[in-house]
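# Coordinate inspection notes
The chain contents come next:
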Amino acid sequence: MAASTKFGVLARNFSTSSSSQQLVKAPVQVFGLYGRYASALYSAASKQKCLDKVEKELKDFQATIAKDSRLGEFISNPTLKRSLKKDALGSVAKKLNMSSITGNFLQLLAENGRLSKLDVVTNHFLTMMAAFRGEVTCEITSAKALDAATLKEVTAALSGFLQKGQSLNVTTKVDPSIVGGLVVSIGDRYIDMSLSSKIDRYTTLLKQPV
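Okay, so let's go over this structure. For clarity, every value in this text was computed on a predicted model and none was experimentally measured.

### Comments concerning the side chain of E57
- Of note, E57 is situated in helix α3 (residues 51-67).
- Overall, E57 belongs to the buried group, its relative accessible area being 8%.
- The residues touching E57, leaving out its near neighbours within four places in the chain, are N97, M98, S99 and T102.

Okay, here's the thing in structure tokens:
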């Protein structure tokens, strides 16, 4: 079965009437294969009016995986049979009292050999939910932790990207490899103001023949 067909089947599996065959468009477009998985899940949950429940279940499951190293290893192990993972995830979903949408979705990822990318799909889904609430997700990466004053100043500047009714949901990340400056991801925009990228550009220029 083609990938596009699988996504359509995923969304329609939770529909009970012919009027619900069309995919519900996510509030923000996330590109790539795992963006399509997240979009299909958003559509299915939206039709069943359980977006908040699915979001909470995915967040809770992320936390469970982070605490349970054996479960994390099981999910990421590429040598295990897909059928084994599918059955196991079905049992875990029942044990955690997950909704049928979340449980079936986890089993679908296992069946398609995509379970190791669960964290990626979940984060895409969370991005969609943030947009649904009018939040714009923003990740600020710096070479060392930003002090409160600097973070406040940067956040204020980034607020200029927002439209009326939107709010900024900021997370920070430290990555010494960028050397200095900032790398900012806000919504679907990516702004690289790192010192490392400038060094790379200058090095490339210097290597060019005069």
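### A short note on the sheet that holds strand β3 (residues 181-186)
- In space, the 4 strands of this open sheet follow the order β2-β1-β3-β4, with mixed pairing throughout. If you trace the sheet from one side to the other, it starts and ends with β2 (167-174) and β4 (189-194), each paired once. Going across the sheet, the axis of each strand differs from the next one's by a mean of 15°, ignoring polarity.
- With 5 bridges joining them, strand β1 (residues 135-142) and β3 adopt antiparallel strand pairing. Paired with T141 across the two strands is V183, which belongs to β3.
- In the packing of helix α8 (residues 148-158) onto the sheet, contacts are made with β1, β2 and β3, and the angle to β2 comes to roughly 135°.

### Considering helix α4 (residues 69-76)
- Regarding α4, the residues found buried are L71, G72 and I75. All buried residues of α4 project into a common sector of 100° when viewed along the axis, lining one side. In this structure, α4 carries S69, R70 and E73 as exposed residues pointing more than 90 degrees from its buried face.
- Those residues of α4 hidden inside the fold are in contact with α3 and α5 (82-95).
- With a side-chain oxygen positioned 3.1 Å from the backbone nitrogen of R70, the residue opening α4 is D68.

### As for the packing of aromatic side chains
- In total, this model carries 4 aromatic pairs according to the counting rule given.
- Plain terms: the ring middles of Y34 and Y37 are 6.3 Å apart, the flat faces sit at 20° to each other, and that makes the pair stacked. Highlighted residues: Y34 and Y37, both in helix α2 (residues 33-47), separated by 3 residues, approximately one helical turn.
- Under the relative-accessibility criterion, Y34 is labelled buried at 18%.
- The exposure class assigned to Y37 is buried, which follows from its relative accessible area of 4%.
- With centroids separated by 6.4 Å and ring planes inclined at 75°, the aromatic side chains of Y37 and F105 adopt a geometry described as edge-to-face. With Y37 in helix α2 and F105 in helix α6 (residues 100-111), the pair connects residues that are 68 residues apart, well separated along the chain.
- Among the residues examined, F105 registers a relative accessible area of 2% and is labelled buried.
- Following the ring pairs from residue to residue traces out a cluster consisting of Y34, Y37 and F105.

Calculation criteria
- Within any chain, residue numbers begin from 1 and follow the written order of that chain's sequence.
- Since the coordinates come from a predicted model, pLDDT governs what is reported: local features require at least 70, and pairs of side-chain atoms require 80 or more to be given and counted, while whole-chain, interface and lining totals use all residues.
- In computing side-chain properties, one takes all heavy atoms of the structure into account and sets aside hydrogens as well as water.
- Helical segments are the DSSP runs of H or I of at least four residues, strand segments are the runs of E of at least two, and each set is numbered from the N terminus.
- Only protein chains enter the accessibility calculation, which uses a 1.4 Å probe; a residue whose area is less than 20% of its type maximum is buried, one above 50% is exposed, and one in between is partly exposed.
- Residue contacts follow a heavy-atom distance rule, with two residues in contact if any of their heavy atoms lie within 4.5 Å.
- In short, DSSP must find at least two bridges between two strands for them to pair.
- Angular values range over 0 to 180 degrees, each being the angle between N-to-C directions of two axes fitted as lines to C-alpha atoms, with helices fitted over their stretch in contact.
- By definition, the arc is the one covered by directions from the helix axis to the C-beta atoms.
- By the criterion applied in these results, polar contacts are pairs of N or O atoms within 3.5 Å in which, for protein atoms, one can donate a hydrogen and the other can accept it, and in which residues neighboring in sequence qualify only through two side-chain atoms.
- Two aromatic rings from Phe, Tyr or Trp, using only the six-membered ring of Trp, form a pair when their centres are within 6.5 Å; if the ring planes differ by under 30 degrees the pair is stacked, by over 60 it is edge-to-face, and anything between is tilted.

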